[in-house]
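# Inside the fold
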Amino acid sequence: MPFEVGDVVEGTVLNITDFGAFIQLPEGKTGLVHISEVANTYVKNIREHLKEHDKVKVKVLSMDDNGRISLSIKKALPKNNGEKGPRDFVWQSNRNYNANSSFEERLLKFLKDSDERQQQLRKNFDSKRRNTGYRKSNGY
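In this text, all values refer to a predicted model and were calculated from it rather than measured experimentally.

Attention shifts here to the overall build of the chain. When helices and strands are tallied, the chain shows one helix and five strands. Taken from N to C terminus, the helices and strands of the chain fall in the order β-β-β-β-β-α. Considering only contacts within the chain whose residues lie at least 6 apart along the sequence, 51% involve residues at least 24 apart. As displayed, the chain has an accessible area near 11600 Å², and 51% of this comes from carbon and sulfur atoms.

Turning our eyes to something else, we now look at unusual backbone geometry. The backbone phi angle of glutamate 27 is positive, close to 70°, even though this residue is not glycine. For glutamate 27, the position within the fold is in the loop between β2 (20-24) and β3 (30-34). Phi is positive for histidine 53, close to 75°, though the residue is something other than glycine. With respect to the helices and strands, the residue histidine 53 is situated in the loop between β3 and β4 (55-63).

Counting across every chain of the model gives four salt bridges. The closest approach of N and O atoms between glutamate 37 and lysine 75, which form a salt bridge, is 3.9 Å. Of this pair, glutamate 37 sits in the loop between β3 and β4 while lysine 75 sits in the loop between β5 (69-72) and α1 (103-131), and the two are 38 residues apart along the sequence. Classification of glutamate 37 by relative accessible area gives buried; the value is 14%. A salt bridge links aspartate 64 to arginine 68, with the nearest nitrogen and oxygen atoms 2.8 Å apart. For arginine 68, a relative accessible area of 55% puts it in the exposed group.

This part is about the nonpolar core. Ranked by size, the top nonpolar core spans 20 residues in total, and within it Ile23, Leu25, Ile46, Leu50, Val58 and Leu71 carry the most contacts. Of all the secondary structure elements, the ones that give two or more residues to this core are β1 (8-16), β2, β4 and β5. Residues contacting isoleucine 23, with those up to four places away along its chain left out, are Gly11, Thr12, Val13, Lys29, Thr30, Gly31, Val33, Val56 and Leu71.

Next up on the list: a nonpolar patch on the surface. A surface patch of nonpolar side chains, amounting to about 500 Å² of accessible area, comprises Phe103, Leu107, Leu108, Phe110 and Leu111. Locating leucine 107 in the fold gives a position in helix α1.

In this fold, threonine 17 is placed in the loop between β1 and β2. Judged by relative accessible area, threonine 17 falls into the buried class, the value being 15%.

On to the environment of glycine 11, then. With respect to the helices and strands, the residue glycine 11 is situated in strand β1. For the pair glycine 11 and phenylalanine 22, spaced eleven residues apart in the sequence, the C-alpha separation amounts to 9.6 Å. If near-sequence neighbours (up to four positions away) are discounted, glycine 11 is found in contact with Ile23, Gln24, Asp54, Lys55 and Val56.

Rules behind the numbers
- Residues numbered from 1 in each chain as written.
- Predicted model: local features only at pLDDT ≥ 70, side-chain atom pairs only at ≥ 80, totals over all residues.
- Heavy atoms only, no water.
- Helix = DSSP H or I, 4+ residues; strand = E, 2+ residues; numbered from the N terminus.
- Contact = heavy atoms within 4.5 Å.
- Areas by Shrake-Rupley, 256 points an atom, 1.4 Å probe, with all protein chains shown as cover.
- Salt bridge = Lys/Arg side-chain N within 4 Å of Asp/Glu carboxyl O.
- Buried < 20%, exposed > 50% of the residue type's maximum accessible area, 1.4 Å probe, protein only.
- Core = buried A, V, L, I, M, F, W, Y, C linked by side-chain atoms within 4.5 Å.
- Patch = residues over 30% accessible without salt bridge, like charges linked within 9 Å, V, L, I, M, F, W, Y side chains within 5 Å.

Encoded structure:
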C-alpha cells in the first residue's frame, strides 16, 4: 500500500550522517529525517538518539518529483507527551487576571499593565541614554 504525505509509518534506520538519518520505508523506498526532526529537544549528536537498524515511527512530511522523501520522528510522536508547544505558553502576567471577569475588564487591566511597563522601559532607556553619551572635553 503506498503512503502519502501526512502518513505515519514504521521504518528502519539504514545510515546515520551528521545532518540526519536515512530511513528504509515500506515498499523499499528511502527517506531522510533531518537532524532537526529527530527529537523535541536540541540534537547536537544524532548518534545519541538513533542507531543503525533501529525501528522508528516517522511521519511523511513531503515527497518531491525526484523521489526524495522528507520524514520526521518528532512529529510522529504522540501529541501529549508532557512538553509544551508554542501555543501552550502562558505569559506570567496573565496569571494575575481573574478568569471570571469580563473581557472588557481583562482588556482594561492588560492595557493599564502594558502602559506601566512601557513607561518603565522608557524611563530606564532614557536614564541609560543620558549617562552613556559622549562628553565634550574642554579645549578640544
